[in-house]
Amino acid sequence: MTWLKRTAIVGLSVVGVVFVHLATNAVLPAPWNQVNMVFVFLIFFLLFEESGTVVWIAFSVHFFIELYAVSPFGILLFSGTISTLLSFWLYQYFFTNQSWYTAAALSLLAIVIYRSIYTALFLFFHVFGYFALPPWSALLLVYGWEMLLTSGVTGLAYLLTTRPFHKKRKLLPVEWRV
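Every value quoted in this text rests on a predicted model; they were computed, and no experiment measured them.

1. Digging into the environment of Thr24
Topologically, Thr24 is positioned in helix H1 (residues 3–27). Once residues lying within four places of it in the same chain are set aside, the contact partners of Thr24 are Asn33, Val35 and Met37.

In structure tokens:
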């Protein structure tokens, strides 16, 4: 595939993921709107492509979502990109198989890292008086639903999509990985 064609596909995928994420947040009812479709897509891309390109895709997707956020610019972008980078490293060096529970665990860890960084940055901006914090009980409830539903949807979707196309992961020596 040529470089231009691949770039166009990735660009359209980024726009599609942003649209699907914003649509699920706006259309689905109360607990189901907490599914983070961005991380579902990023984990799928990571498991199928096994490429560091996922970090750049995460940066692009979170940049466009940041344009619609009410939080100070950069919180979503930084936390989303760093959590994807750490998830990529976890996948490369810790998770050694491709299965539905790997997809679910990787999704859960990505959301935990994402929300930890997001909350730390949120507290940092609160200390300097930019805005007030929402109640912790509401935040923990939203975070809990997001972790549960996103990891569940990712694991189930991976199980349903890869069962007919079951392939084994080809492990490369550590010095050959990019």
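That shown, we press on.
2. Notes on the packing of aromatic side chains
A complete count under the given rule lists 14 aromatic pairs for this structure. Three or more aromatic residues joined by ring pairs make a cluster, and in this case those are Phe39, Tyr114, Tyr118 and Phe122. Arg115 extends its terminal NZ or CZ atom over the ring of Tyr118, reaching a point 5.0 Å from the ring centre.

3. With respect to a nonpolar patch on the surface
A contiguous nonpolar patch, built from Leu22, Phe63, Phe64, Leu67, Tyr68 and Phe73 and spanning about 610 Å² of accessible area, is present on the exposed surface. With respect to the helices, strands and loops of the structure, Tyr68 is situated in the loop between helix H3 (53–66) and helix H4 (75–93).

4. Section: H4
When the terminal C-alpha atoms of H4 are compared, their 27 Å separation across 19 residues agrees well with the 27 Å that a helix rising 1.5 Å per residue should span. Residues of H4 that are buried in the fold lie against helix H2 (37–49), H3 and helix H5 (100–127).

5. Re unusual backbone geometry
Positioned with a positive phi, Glu50 is a non-glycine residue whose angle comes to about 50°. Summarising the element assignment, Glu50 is placed in the loop between H2 and H3.

6. Description of the packing of H2 against H4
Remark: H2 packs on H4, axes separated minimally by 11 Å, with the N-to-C direction vectors making an angle of 35°. You can see that H2 and H4 cross each other, and the crossing is right-handed. Where H2 approaches H4, its residues Phe39, Leu42, Leu46 and Leu47 are matched on the opposing element by Gly80, Ser83, Thr84, Ser87, Phe88 and Tyr91. Its residues assigned to classes, the contact of H2 with H4 comprises six nonpolar, four polar and no charged.

Calculation rules
- Residues numbered from 1 in each chain as written.
- Predicted model: local features only at pLDDT ≥ 70, side-chain atom pairs only at ≥ 80, totals over all residues.
- Heavy atoms only, no water.
- Helix = DSSP H or I, 4+ residues; strand = E, 2+ residues; numbered from the N terminus.
- Contact = heavy atoms within 4.5 Å.
- Phe/Tyr/Trp six-rings, centres within 6.5 Å; stacked < 30°, edge-to-face > 60°.
- Lys NZ or Arg CZ within 6 Å of the ring centre and 35° of its normal.
- Patch = residues over 30% accessible without salt bridge, like charges linked within 9 Å, V, L, I, M, F, W, Y side chains within 5 Å.
- Areas by Shrake-Rupley, 256 points an atom, 1.4 Å probe, with all protein chains shown as cover.
- Salt bridge = Lys/Arg side-chain N within 4 Å of Asp/Glu carboxyl O.
- Expected span 1.5 Å × (residues − 1).
- Axes fitted to C-alpha atoms, helices over the stretch in contact; angles between N-to-C directions.
- Left-handed = near helix turned anticlockwise from the far one by under 90°.
- Nonpolar A, V, L, I, M, F, W, Y, C, P; charged D, E, K, R; others polar.

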